[in-house]
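Structural description and commentary
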2 protein chains.
Amino acid sequence: MKTYSLFFLLLSALCHAGQAQPPKIESSILSANKTFMQAFSQGATDMGKLYATDAQIFPPNGATISGNTSIGPFWKGAFDMGIKKATLETVQTEKAGDQIIETGNYTLAGADGKTMDNGKYMVVWKSENGQWKLYRDIWNSSLPAK
Amino acid sequence: MKTYSLFFLLLSALCHAGQAQPPKIESSILSANKTFMQAFSQGATDMGKLYATDAQIFPPNGATISGNTSIGPFWKGAFDMGIKKATLETVQTEKAGDQIIETGNYTLAGADGKTMDNGKYMVVWKSENGQWKLYRDIWNSSLPAK
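It should be emphasised that the depicted structure is a prediction, and the values quoted were computed from it without experimental measurement.

Reading the values: the criteria
Residues numbered from 1 in each chain as written. Chains lettered and ligands numbered in written order. Predicted model: local features only at pLDDT ≥ 70, side-chain atom pairs only at ≥ 80, totals over all residues. Helix = DSSP H or I, 4+ residues; strand = E, 2+ residues; numbered from the N terminus. Buried ≥ 20, exposed ≤ 12 C-beta atoms within 10 Å, placed from the backbone. Contact = placed C-beta atoms within 7 Å. Pairing = 2+ DSSP bridges. Axes fitted to C-alpha atoms, helices over the stretch in contact; angles between N-to-C directions. Least-squares fit on C-alpha atoms with pLDDT ≥ 70 in both. pLDDT = per-residue confidence, 0-100. Expected span 1.5 Å × (residues − 1). Arc of directions from axis to C-beta. Nonpolar A, V, L, I, M, F, W, Y, C, P; charged D, E, K, R; others polar.

1. Remarks on the overall build of chain A
- Within chain A, the regular secondary structure consists of three helices and six strands.
- The secondary structure elements of chain A, listed N-terminal to C-terminal, are α-α-β-β-α-β-β-β-β.
- The proportion of buried residues among the 146 residues of chain A is 28%.
- Considering only contacts within chain A whose residues lie at least 6 apart along the sequence, 47% involve residues at least 24 apart.

2. Focus on the sheet that holds strand β3 (residues 85-96) of chain B
All names here are of chain B.
- If you walk across this open sheet you meet the six strands as β2-β1-β6-β5-β4-β3, and the pairing is mixed. The strands lining the two open edges of the sheet, one partner per strand, are β2 (65-66) and β3.
- Sheet topology note: the strand β1 (residues 51-58)/strand β6 (residues 131-141) ladder contains four bridges and is parallel. Bridge pairing in β6 links Tyr-51 to Leu-134.
- Relative to the sheet, helix α2 (residues 27-41) contacts β3, β4 (99-109), β5 (115-128) and β6, its axis offset from that of β3 by approximately 155 degrees.
- Across the face of the sheet, helix α3 (residues 68-80) comes into contact with β1 and β2 while running at roughly 50 degrees to β1.

3. Let's talk about the pairing of strand β1 (residues 51-58) of chain A
- Summarising burial for β1(A): six of the eight residues are buried, a large majority.
- As consecutive antiparallel partners, β1(A) and strand β2 (residues 65-66) of chain A are separated by six residues, and within that stretch Asn61(A) has a phi angle of approximately 60 degrees, a positive value.

4. Thoughts on the relation of the copies chain A and chain B
- Superposition of chain A onto chain B requires a rotation of 180 degrees combined with a translation of 0.0 Å along the rotation axis, giving an RMSD of 0.0 Å. On the angle and the small slide along the axis, the relation comes out as a two-fold axis. Minimal C-alpha separation from the rotation axis in chain A is found for Gly97(A), amounting to 1.8 Å.

5. Some thoughts on the environment of Ser70(A)
- With respect to the element layout, Ser70(A) can be found in helix α3 (residues 68-80).
- Each C-alpha atom of the pair Ser70(A) and Ala55(A) lies 9.6 Å from the other, and the pair is 15 residues apart in sequence.

6. Some thoughts on the confidence of the model for chain A
- In the predicted model, chain A carries a mean pLDDT of 90, and 84% of its residues have values of at least 70.
- Scoring of the predicted complex yields 0.86 for pTM and 0.86 for ipTM.

7. Thoughts on α2(B)
Residues and elements named next belong to chain B.
- The first and last C-alpha atoms of α2 sit 21 Å apart over 15 residues, in line with the 21 Å expected at 1.5 Å per residue.
- By the burial criterion, the buried members of α2 are Ile-29, Ala-32, Asn-33 and Phe-40. Along the axis of α2, the buried residues cluster in a sector spanning 100 degrees; they form a single face. Projecting away from the buried face of α2 at angles above 90 degrees are the exposed residues Ser-27, Ser-31, Lys-34 and Gln-38.
- For α2, the elements touching its buried residues are α3, β3, β4, β5 and β6.
- Just downstream of α2 lies Gly-43, where phi reads positive at about 115 degrees.

8. Some remarks on the sheet that holds strand β3 (residues 85-96) of chain A
- With respect to topology, six strands assemble into an open sheet ordered β2-β1-β6-β5-β4-β3 (chain A), the strand pairing being mixed. Bordering the open sheet on either side are β2 and β3 of chain A, each of which pairs with just one other strand.

9. A few points about the interface of chain A and chain B
- Each partner contributes to the interface: chain A provides 24 residues, whereas chain B provides 24 residues.
- Only β3, β4 (99-109), β5 (115-128) and β6 (131-141) of chain A provide two or more residues apiece to the side of chain A that touches chain B.
- The element best represented in the side of chain A that touches chain B is β6(A), accounting for four residues.
- Each residue belonging to the side of chain A that touches chain B can be placed in one class, and the counts come to 11 nonpolar, nine polar and four charged.

10. Observations regarding α3(A)
Residues and elements named next belong to chain A.
- Taking 1.5 Å as the rise per residue, α3 with 13 residues should run 18 Å; its terminal C-alpha atoms sit 19 Å apart, in good agreement.
- Among all positions of α3, only Asn-68, Ile-71 and Trp-75 are buried. The buried residues of α3 occupy an angular sector of 55 degrees when projected down its axis, which confines them to one face. For α3, the exposed residues lying more than 90 degrees away from the buried face are Thr-69, Gly-77 and Asp-80.
- Looking at the packing, one finds that the buried side of α3 touches α2 (27-41), β1 and β2.

11. Quick word on unusual backbone geometry
- If you check the backbone angles, Ala44(A) has positive phi at about 55 degrees while not being a glycine.
- You can see Ala44(A) is positioned in the loop between α2 and β1.

12. Considering the environment of Gln131(A)
- Inspection of the secondary structure puts Gln131(A) in strand β6.
- Sequence spacing of Gln131(A) and Gly48(A) is 83 residues, and the spatial spacing of their C-alpha atoms is 14 Å.

Structural data, given as structure tokens:
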């Protein structure tokens, strides 16, 4: 009996240890996000190339934007309107077939460094010419509605 | 030369015809969304069962909600606060490994039938006990910011 109890105690401890582990995050996505953040803070002049040719973004308070040649100007517009820094913090990445689904939190800051918005995002990544590109990108604010 | 020209003309026509076709939509997802819409309009009392055990939703103007036992009450709360009808219109479904990624448009209406909000969503579906369940669910409004 005692041996069994110890066995189950250890098993239980192991299971809980397993649950407590944070989800594994793909380093390729962390790297791609680093590129995204740098490109944005440097003027967001060519963000389209970070997206797949047939990418779509779903910006809050606007219509779906399709194609990376249209997505690039969207981010340039956001920069010109006062957002100077976008911080992406990956919470989880999950492989799904050839794609990777990422969830995370974002923070947007102005020229004075003050937070303008923060919220959540979900991105589907796909590999295009050997590089991970944003394929589907949607986000929303966690701040209370005005 | 003429034969070649005709061949390429036909090939080009076929390619364009292929491009013009709307994306194939999984009927299982259309069916699951129908269940979602019905369950919501009937009081949204048990929406949690439509979500995977370890599902997450990312509601605008609020924090991430994890687990279907917490997601259920969120939708009940939305119903009680005045949203009486949710319409989901799938734009695209795409298989990604064992999961399905869906993008679409939603409309929310009140008791008087008037539209309270409309916007876009992205859902990752996964099969749990042989049934398609919402696993990741994020959306945002297409209406101008107030």
